[in-house]
Amino acid sequence: MKEVNRPNPAVVDLTENILVNIDIAQENHAALRSGFAGYPANPRWNINKFHAWKKGRQLRESLAQGQMVVRATDSMLIPISLAEKQSEKPKSNSLWSQIPSWMKHIRRSYQTI
């Protein structure tokens, strides 16, 4: 059986304001953007570029159909189900909750002196 070398997921900018986390090789990112923008496929592309273009088209269709949304906090394109799960989490507006735990630990150690 032939092993397929799949790239690690990377954040790709589909447009100036939309990012996506996807496992497509960097040399195919332009084809992904082309498909998302609605351009036709290039007949000279290899199969990998064509699949990236097709994935870009699918992402655009999912966004248009409401199956995916662009998260406001970081402009990431995510499935609507993931966005709903994140909106259900209670958000604490306390400044203390936004401080990393290692900083809290340092502060506590200085308070004991």
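Here the structure is a predicted model, which means the values were calculated and not measured. Chains are numbered independently. Their residues run from 1 in the order of the written sequence. Residues qualify for local features only when their pLDDT is at least 70, as the model is predicted, and side-chain atom pairs are given and counted only at 80 or more; totals for whole chains, interfaces and linings, by contrast, use all residues. Computation of side-chain values: all heavy atoms of the structure, hydrogens and water removed.

> Any chance you could break down the side chain of Ser-62 for me, citing the residues and the numbers?
The helix count covers DSSP runs of H or I at least four residues long, the strand count covers runs of E at least two residues long, and both are numbered beginning at the N terminus. Checked against the element boundaries, Ser-62 lands in helix H2 (residues 47-64). Categorising residues by exposure relies on relative accessible area from a 1.4 Å probe, with only protein chains included: less than 20% of the type maximum marks a residue as buried, more than 50% marks it as exposed, and the intermediate range marks it as partly exposed. What makes Ser-62 buried here is its relative accessible area of 16%. Note on definitions: a residue-residue contact is assigned when non-hydrogen atoms from the two residues lie within 4.5 Å. The contact partners of Ser-62, leaving out residues within four places of it in the chain, are Gln-67 and Met-68.

> So, the packing of aromatic side chains: which residues are in play, and what are the values?
Working definition: a ring pair exists when centres of Phe, Tyr or Trp rings (six-membered ring for Trp) sit within 6.5 Å. Plane angles under 30 degrees give stacked, over 60 give edge-to-face, the rest tilted. The tally for this structure, following the rule as stated, stands at one aromatic pair. Two conditions define a charge sitting above a ring: the NZ of Lys or the CZ of Arg must be within 6 Å of the ring centre, and it must be within 35 degrees of the ring normal. The ring of Phe-36 carries Arg-60 above its face, with NZ or CZ at 5.5 Å from the centroid.

> Before we move on, could you go through H2 and cite the residues and values that matter?
Here, expected helix span is obtained from the residue count minus one, scaled by 1.5 Å. Taking 1.5 Å as the rise per residue, H2 with 18 residues should run 26 Å; its terminal C-alpha atoms sit 26 Å apart, in good agreement. Within H2, the full set of buried residues consists of Ala-52, Trp-53, Gly-56, Leu-59 and Ser-62. For H2, the secondary structure elements touched by its buried residues are strand E2 (19-22), helix H1 (29-37), strand E3 (68-70) and strand E4 (77-79). Any N or O atom pair separated by 3.5 Å or less is treated as a polar contact, with the protein-specific requirement of one donor-capable and one acceptor-capable atom, and with residues adjacent in sequence counted only for side-chain atom pairs. In this structure Asn-46 caps H2, since a side-chain oxygen of it lies 3.1 Å from the backbone nitrogen of Asn-48.

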